[in-house]
Structure formats: C-alpha cells, structure tokens
Amino acid sequence: GALLKVRADSDEKYQLITGHGIPYVINSSAIERKKREKHFQEDVPLLLEMRDDSPHRAIEQEIFEQLLSVGFKVHLPTPAATKTPFKIVGEVKVQELYINVPGFKKHKITVQMKSQKLAGEKYLDVDQISIVQEKVGRSEAQAKQLALEETIIQLKKKFFDLKID
C-alpha cells in the first residue's frame, strides 16, 4: 500500500543519486497474494447478503466472483441457511440526482459493504468500505451504465481492503 509507494519513491531518489537501487525483499503483489492466502488453505464458508435496489445484478455478481477467486465457499441467504463464520452484507443504491442541464441525466450509485464475524449467536461488524460514483449521461441508461462501470472498477481496487476477520 502506501508504505510501498513511499519506499518506491525513496528508492527512485536513491537510484538517481547513486546509480543503483536497493533490491526489494518483498513487493506489493507478493503482499496482496499473502493477504489473500491467509485464510484460504481450505474452503472458508461465507454468507453473502446483498440488498440491491438496482434492476441489474452486475455489482453483486462482481462481489461474488471476487470472493470465489480467493477461495471462499460463498453461500447465498436462504431460510434454511446455516450460520457461517463470516458474512458480508452489501447494499447498492441507485439514485437520480437533479441537474439543471436539459437533455442530460445524472445518477449516483452507492455501494456499501460490511464484513461481519460470527461471535456466539450474533454477527459482529469487523470492517466496512463504501464506493460512491456520480455520472452524467445523455440518457438515464447511459448515466447508470457509466456509473456502474466505474463502480465495478473501484470495487475491484478496494475489495481486498475489506478486512474479513
């Protein structure tokens, strides 16, 4: 993250002055891989509960795919669902905003995700992330599509910042 960027900047300055750099012991991709592998030696059951007021499920599908890619065994809520050690509660809100320009529409997509851990009979909040995108388009469909595309890009970047345990 931020410390690796500071280190990279310092290394660039050092390399400029001395003509050679200091080799990295570990890089950011190795850290990300270790973070993802921390709990995933075996399938970890996780409940994904989404509240989505948008007519499409693209964001929920992206979250589902991200969880599967790192080894979670994702359960969707059902009346007979057993309690899993971890739970992610997500909420997607789509809102039309006022814009004083004829022929244009503005939409805001808000994605909030909260990770929870089972403690006894209740789930306790562990961490949360939030993504907000506002986009203007010539039509409602175009504005929503632009906001959705940018939201998914941000979700891919920020998803692994969400602490599960």
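Up top is the structure these notes are about.
Residues numbered from 1 in each chain as written. Predicted model: local features only at pLDDT ≥ 70, side-chain atom pairs only at ≥ 80, totals over all residues. Heavy atoms only, no water.

## Focus: the environment of E62
Argument step 1. As for its placement among the helices and strands, E62 is situated in helix α3 (residues 58–69).
Argument step 2. In this view, E62 contacts I152, L155 and K156; residues no more than four positions away in its chain are not counted. (Helix = DSSP H or I, 4+ residues; strand = E, 2+ residues; numbered from the N terminus. Contact = heavy atoms within 4.5 Å.)

## Describing the pairing of strand β4 (residues 105–119)
Argument step 1. For strand β3 (residues 86–97) and β4, the ladder comprises 12 bridges, and the chain directions are antiparallel. What sits directly across from K87, in β4, is Q116.
Argument step 2. Across 15 bridges, the pairing between β4 and strand β5 (residues 122–137) is antiparallel. By the bridge assignment, K117 is partnered in β5 with L124. (Pairing = 2+ DSSP bridges.)

## With respect to the packing of aromatic side chains
Argument step 1. One pass over the structure, following the stated rule, counts zero aromatic pairs.
Argument step 2. Across from the ring centre of F104, 4.8 Å away, lies the NZ or CZ of R138, which sits over that ring. (Phe/Tyr/Trp six-rings, centres within 6.5 Å; stacked < 30°, edge-to-face > 60°. Lys NZ or Arg CZ within 6 Å of the ring centre and 35° of its normal.)

## Let's talk about the environment of K106
Argument step 1. The topology assignment puts K106 in strand β4.
Argument step 2. Accessibility expressed as a relative area gives 22% for K106, which makes it partly exposed.
Argument step 3. Spatially, the C-alpha atom of K106 lies 9.3 Å from that of A147, the residues being 41 residues apart in sequence.
Argument step 4. Setting aside chain neighbours within four positions, we find K106 in contact with Q95, E96, L97, I99, E134, K135 and V136.
Argument step 5. Here the side chain of K106 touches E134 through a polar contact of 3.4 Å, side chain to side chain. (Buried < 20%, exposed > 50% of the residue type's maximum accessible area, 1.4 Å probe, protein only. Polar contact = N/O pair within 3.5 Å; in protein donor to acceptor, adjacent residues only side chain to side chain.)

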